[in-house]
Every structure is written in C-alpha cells, then in structure tokens.
Amino acid sequence: MPQRSVGSTTVLAVVLAWAMNPQGVRAQPAPTATLNVVPLSTDPDVEPPPAAPKPVLPSLPSLPSLPSLPSPPDRQIGAKGVSEPEVGAELGLFALESEIAKLSVSVASKREESVDEAPGSIVVISKQQIQDMNARTLREVLNVFVPGMDVVPTYFRYGDRVNEGIYSRGLLSDFSQQVLILWNGQTKWNETTFASPFVAVQFNLENIERIEISRSPSPIQGGAAITVINLVTREQFLRNSAEGHLSFSFNDRDPVGRGVQGFRATGIFGFDLGKLRASGSVQYHRDSGQAHRDPNGRAGFSDQLDLDTLRDGIKNAANFTLSLESQDGRFLFQNWLQYTSSDAFLSGQVLSPNIDLYKYEGTQWLSSLRIRPFRTLQIMAGSMLARWANVVDVAGTPVGGDESNYNVYVETNYEFKFQAAGKHSLLTGLRYEREGQYAGTAFLWNGQSFNYSSDPALLFAPNADRDIFSAYADEAWRLIDNRLHLTGGVRFDVYRGFGSQTELGPSGRVALLFNPWRALGIKLLYSTAIRPPSIYERLGTALVPLRGSQDITSERIHTIELSLTGRVKGFSLVLTPFFEWFENKIEYVRDGSSFTASNNGVTRVLGMDVDARYHFNPGTYLFVNGSYVHSYDVQNSNQTYFLPSTYVNGGVNVRWKGLNFNTNGYFRDKRPLPENLVLNTANTGFHFMWNASLAYTLWGGLTPFFSVENLTDQLNSIPLSTDGLTVPMRGRTFHLGLRYTPSKS
C-alpha cells in the first residue's frame, strides 16, 4: 500500500506540474480567449447587456469574502442570478477572481447580491465543479466543498434510509436537523413530522446549475434557517437546446449475477414558445446497492438469510421538473416531482432484507409561482406535498406505515432603494404559511398481506396543522465607495398550532463587511435564528417509548463569526473563527419507562473554518478546506456525540484541451460516542474517502467519463445509537457515463 500511494502521488505531481506549463520545451503563441455568451434573462430587473460584454468565466469553489467591485445589477430574486459560463477561455487570473466575487446568490438575504456582499459564510458549488468531479449526489459535493459539514447516508439516532443526513458546525438533535432546504430560492423541501430536510428522496445533480450554501444562520429565510442550502435547477438556463446524461455503475465486490449495479438516464430541455419559455427535465435511475460489508455492524443479522440480502439499493426512482416563464420575466411557474423507493436497510434500527415487502419510500412535489407586476415588487405562492412510507422487519414480522405532509404559502416583498449618506436597499415582506400532516396510515400484517388503519393511536404522528404568520425587513447600506457595508435584518414569526400553544419567534442579524484594500476583506456577523418544534415533538405518542410534549418551545441558535479573506492573483484564503451557542435544544429525556421531548440544555460550539484555493489557469486548480469544531453539550458535560471534530477536504483539477482529470477526497476523525455503545466505539474509527475522475470532450459537447468512488476501498462505518449497528459507506464503485451538453445553451 505505501508503494502504491507514493506512486500515485508522484504521477499526480508530474501531471500537475506539466499542466502548469503545458508548452514544455518550446514556446507557443498565447491562446486566444473564446467567449461563449449566455443569453441574458429578459427579467424586468435585469439591465440590458453592455455593447462589449466582459469575458464570462468558469465558476469555482466560492469562498466568503468582501466586496471589491461595485454591486452587480439587480437580478431575479431567488431563481437564476448569473448563469454559469462555459469553460475554455484562457483568461487572466485576476479577472477570474473578479468574476467569482460578482457571482449573484440569494441564499443569505432573499435578494440577489454578490457572494462578497452576502453576509455570513457563503459557499457556491457550480455546475462546472460538479462536472469536473463527475459528482452524482448532493452528499458528494457538500462533503468535499463545504468546511465543517458532515453528510452521511443515515440519521445517527434512528438509522433512516436517507442519502443526505446533513449536520453542520457541530449541531445535533434527536429527530431533527437544523437545515433549511430551498428550491430556486423559494419553496422548502422540509417536511413537518420530524423536521427533516428530506423525507426519503435522493438528490441527483444532473439538473443542478449551482448550489448555494450559507453556513451562517439566515433568519430572514424563516424557521430552521440555521444552515441554508438553495438548489438552483439547470433547465431554466437552457435556450432552445437540450442536454442528455447516461451513466452505469459497477463494483468489484459482487459482479457475478448482477453485472451493472446502477443505471441513470437524464434529459433536460429548454425552448421558446412565443411569449413563453418552457423548460424541464426527466430522469430515471435505479441501483441494486451493495451488501452491508461490516461484520461488526450487522448486529447478528439472521443466519437464516443470505448476508447479501442486506443491501442499500434503490429499487426505482424518478425526477421531473417543468418551468414556464414569460419572456419579460414577469411570470414564472415551476414544478419539481421526485419519487424514490429504496431498500429499508437499517431503517428504525432494525435490519430488513432487500425484498419487495420492505421499503423506505418517498414522493415529493414542489410548485412555486412568482409574479412581478413591476420592478421592485414580487408576489409569490407555493406548495409542497410529500408522502413517506416505511416497512421494516421486526423479529420476522413486517411493520410499517405512511404519512403525508403539506406546506402552502403566499408571500409578497418590496425592495426600496434610495440614497442617504450612501446607497440603501431595504427589503420588506409579509408571508402566510400553513403546514402539517393531512393523512397517515398504519400497515398491519395479517400473515399474508397488510390491513390498513387510520386509528390515531397507531399512526407515526397525528394529523395536525400549524399556521405561520411572518413579517421581515432587511437593510443593506453601502458606504465609502462600496468598501463598507452595514447590513441588518429582523424577522417575526408567529406559530399557532401543533397543540394549543401560540409562540412568537423573533430572529435577526447584524453584519459589517469592510474591504480596506483590494486584496483583503473582513466580515463580522452576529445572527440568531430558531427551529420550531415538529408535530411529533409536540404531539407524538405512537413511536414508543418516545413521546411528545406541548410544553416545548423553539430551539434557538446565536452565532458570532469573523471572516478574513485574502486574494493574491490566483490564490485565495479565507479564515473564519466562529462561536455558537444553541439553547433550548429539543431532546428526548427519560421519564420513567418512556422518553419525553424536552428543552434540554445548551450546546456551545467553538470552531475555525479554513478555505484555500489556487488557480494555475481557469481549468487547473487545487483547493483545500477544513474545520476544527469543538462542540460541547453543557447539560450532559460531554463532547457532542456522533459528530467529528476535525474535517479536512480537498482536491485537484487538471484540464488540458478536451481532457479533464479530477481527484478529491475528505477526512473525518473518530466520532465520540456514548459510553453504552461499547461495540460501536471499538469498531468505528476515522472516515476517509478518496475519489478520482477522468473525462474527455470529443465534439459538440459530447463527453464520455469514467470515475471511481472510494478509490482505496476504505471501510467507513457510520455508528447508530444501537450498539452493534453501523451503516457502512459504499466500497469502491466505478461509474461509466456519457453526457451531451451543447456549448451554447
């Protein structure tokens, strides 16, 4: 093994050095920059393009820093921002950094603003970065590009069969996660029963244009906006063109009898229809999965069953999107439907074989409508419908049920712009939201088939609703030739429902952004945000021994952070020390023979994020980011369980002509566990994942690619809260695919 590692490192070093100076022995004429101009939106807030457009540059890992350039023109809020450019223009490194600084996002403030102007720690993952590493799911890119974020294919407490269990900056709750997931800046994915970011769907990346992440709380976005992830879809950027993606997956552990492990096909389109633009996508995928490969984490899986039947596969899955937008940008209607049916695996911390009877299944439909009567006024409405079903094997007997959740909202906001001792932008808004569970079913096995019951005593959670009334305001004040920004915002939410209690949830933030020199930026931020209790935390009784309580109130986080950003030509470095205290944390506390939801104590987090990158040229770059997080549970006087303290991520991308090579990886140190998890403590260690990818663009945007996930076949086991149960990350997996992405889209 050491010899192979040294050899791989030597080859990589030679390739990288050659990419820095591809001319080698003889000098050649400087390459001519080729610009691929992306048609601009005709949105009423978008200014006409200048006569001589600036070069459009590739989007690379975005790091928080301060504004060094004037503000970009206003963009459509929460949807498109700046379209990702085509890669291939050999442009100056200083221009590259400038374009990155001007990239517009809406994740921090509901308004379009440059990454540098957005308060807090913002990371943007672009379509080009996704394609460089041939990433397939949201989990892959969050683990590599976002400091301090731990994304695992389960929930630690209960083993749910999810692909994106997202934990950020050392925060952990029993059922819920402090993460808000937005779609094109508006409709949220979160469901209300357990407050999870996703029910059971897997997020694939073929139809993602970019991902905006705010590691800092963004209270203007509403409840659970402690960490915010905004998914911007690709189809709305296509103009009279289409894209296609096709891939197959294999592994070298069980090729006999299965051959292809996974298959995925995706089509994306966008066309003009008179005064409208229509766009959409369709995707189908399935994956037979891999067998549970950790003998110490199977908790005595029945000797009567083949161990190969304990698998983490996806039986069937599909994605559909459809958007209609007026050519003048005043009207936008978007839809996204996802369906995923997975093996139950270790759901509910019981082990279920991968037969049709057992499943972990989710369906979600999101819809949003935006009307802009004039330049600074928006009227928005949207909905989310979700159904989740789970059937597991409990001592040989199938046990299961389903639940259906909804969220509907209407919102309007208005942006005032004026000048008084500087430039001001004041965004004000009102929102009404109703959410809850509207149906549930218990599946009762009669020995041959299921009987179905809607008895409230048997449901996973009771059918209940909640009203949310919200008002918000956010001010951005620019001073000293745009070198100094002062930002402040407040939001008031009134929650009424999920029991008899009415709760007022104020939140807000203040931030200072200062750019004393072109190469140095400073951000200072204080923010506070809340996560309201879910249905089960308030009213749940069926999941014995866990019981809800109507006495609990919202969790609240306070964050103080300082970001220092330095840029010198192709090099950038961001240092972000932060301190957080998380109070009124909702946990299940022993109450006799049961556990009752309670506001139980405080978690204090002290940490440091580091994010660095260097660009040798626009297509050849390296990046390293990481975090050290000390998360301390004050109530129980221990380090926060299950979450690592040390996060190290990084990668290298080398592009020469049509050839692209990428290698990336991440490391997590050993997870602290409760003393009663003796076996899991002994059998789980550090977590290391190393991936590599090679692609070659032939002609007209046709690109075959080959990638290897978990190149070293490392056994990475995620411990659960039942001793002897772990969820292993997948072993070495090969992906072979072909994509068609026309250069003008």
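Residues numbered from 1 in each chain as written. Predicted model: local features only at pLDDT ≥ 70, side-chain atom pairs only at ≥ 80, totals over all residues. Heavy atoms only, no water.

## Some points on the pairing of strand 24 (residues 555-568)
Along a regular strand, successive side chains alternate from one face of the sheet to the other. This is how it is decided: At least two DSSP bridges between two strands are needed for those strands to be called paired. Each helix is a run of DSSP H or I of at least 4 residues and each strand a run of E of at least 2, with the numbering of both proceeding from the N terminus.
As defined by bridge partners, strand 22 (residues 520-531) adjoins strand 24 across 12 bridges and the pair is classed as antiparallel. Among the inter-strand pairings, Thr528 is bridged to a residue of strand 24, identified as His558. Sheet topology note: the strand 24/strand 25 (residues 571-583) ladder contains 11 bridges and is antiparallel. When the sheet's bridge partners are listed, Arg556 is paired in strand 25 with Glu583.

## A word on helix 4 (residues 138-145)
Stated formally: The rule is simple: take the accessible area with a 1.4 Å probe, protein chains only, and divide by the maximum for that residue type; under 20% is buried, over 50% is exposed, in between is partly exposed.
Burial of helix 4 is extensive: seven of the eight residues sit out of reach of the surface. Within the span of helix 4, buried status applies to Leu138, Arg139, Val141, Leu142, Asn143, Val144 and Phe145.

## Thoughts on the confidence of the model for the protein chain
To keep things clear, this is the line we draw: A residue's pLDDT is the confidence the predictor assigns to it, expressed on a 0 to 100 scale. Whether two residues are in contact is decided by their heavy atoms: any pair within 4.5 Å suffices.
Mean pLDDT over the protein chain works out to 85, with 85% of the residues at or above the 70 mark. Across the protein chain, element-level confidence peaks in strand 32 (residues 659-668) with a mean pLDDT of 98 and bottoms out in helix 1 (residues 2-20) with 40. Here residues 1-98 is a poorly scored stretch, pLDDT under 50, and it has 218 contacts once near neighbours within four places are set aside; other chains count.

## Considerations on the environment of Leu346
Within the element layout of this structure, Leu346 appears in the loop between strand 13 (331-342) and strand 14 (359-374). For Leu346, the contacting residues outside a window of four places in its chain are Tyr158, Gly159, His292, Leu310, Leu351, Leu720, Leu725, Thr726 and Val727.

## A look at the sheet that holds strand 26 (residues 586-591)
The strands that make up a sheet pair up through hydrogen bonds in the backbone, lying either parallel or antiparallel. Sheet architecture is open: three strands sit in the order 23-27-26, paired in mixed fashion. A strand with exactly one partner marks an edge of an open sheet, and here the two such strands are strand 23 (546-547) and strand 26. Across six bridges, strand 26 lies against strand 27 (residues 594-599) in antiparallel orientation. Note that in strand 27 the partner of Ile586 across the bridge is Asn599.

## Description of a nonpolar patch on the surface
As a reminder, the rule being used: Each patch groups residues whose relative accessible area exceeds 30% and which form no salt bridge, using 9 Å between like charges and 5 Å between nonpolar side chains of Val, Leu, Ile, Met, Phe, Trp and Tyr. A 1.4 Å probe and the Shrake-Rupley method give the accessible areas. Residues count as covered only by the protein chains that appear here. Whenever a carboxyl oxygen of Asp or Glu lies within 4 Å of a side-chain nitrogen of Lys or Arg, that contact is scored as a salt bridge.
A contiguous nonpolar patch, built from Leu273, Leu276, Phe331, Phe333, Ile371 and Ile379 and spanning about 470 Å² of accessible area, is present on the exposed surface. Its place among the elements puts Phe331 in strand 13.

## Focus on the side chain of Thr703
The residue Thr703 is located in strand 34 (residues 702-709) in this model. Thr703 has contacts with Ala695, Tyr696, Thr697, Gly737, Leu738 and Arg739, leaving out every residue within four places of it along the chain.

## Quick look at the environment of Val629
Positionally, Val629 belongs in strand 29 (residues 620-633). According to the relative accessible area criterion, Val629 is buried, its value standing at 2%. Sequence separation of Val629 and Thr646 is 17 residues, and the distance between their C-alpha atoms is 6.5 Å. Contact partners of Val629, with chain neighbours within four places excluded, come to Arg169, Gly170, Phe578, Val605, Leu606, Gly607, Ser645 and Tyr647.

## So, the pattern of salt bridges
Opposite charge on two side chains lets them pair, provided their charged atoms get close. Tallying each qualifying case throughout the model produces 42 salt bridges. A salt bridge links Arg434 to Asp467, with the nearest nitrogen and oxygen atoms 2.8 Å apart. Remark: Asp467 occurs in strand 19 (residues 464-479) and Arg434 occurs in strand 17 (residues 423-445); sequence separation between them is 33 residues. Among the residues examined, Asp467 registers a relative accessible area of 10% and is labelled buried. Ionic pairing is found between Arg496 and Asp467, a salt bridge with its closest N-O pair at 4.0 Å.

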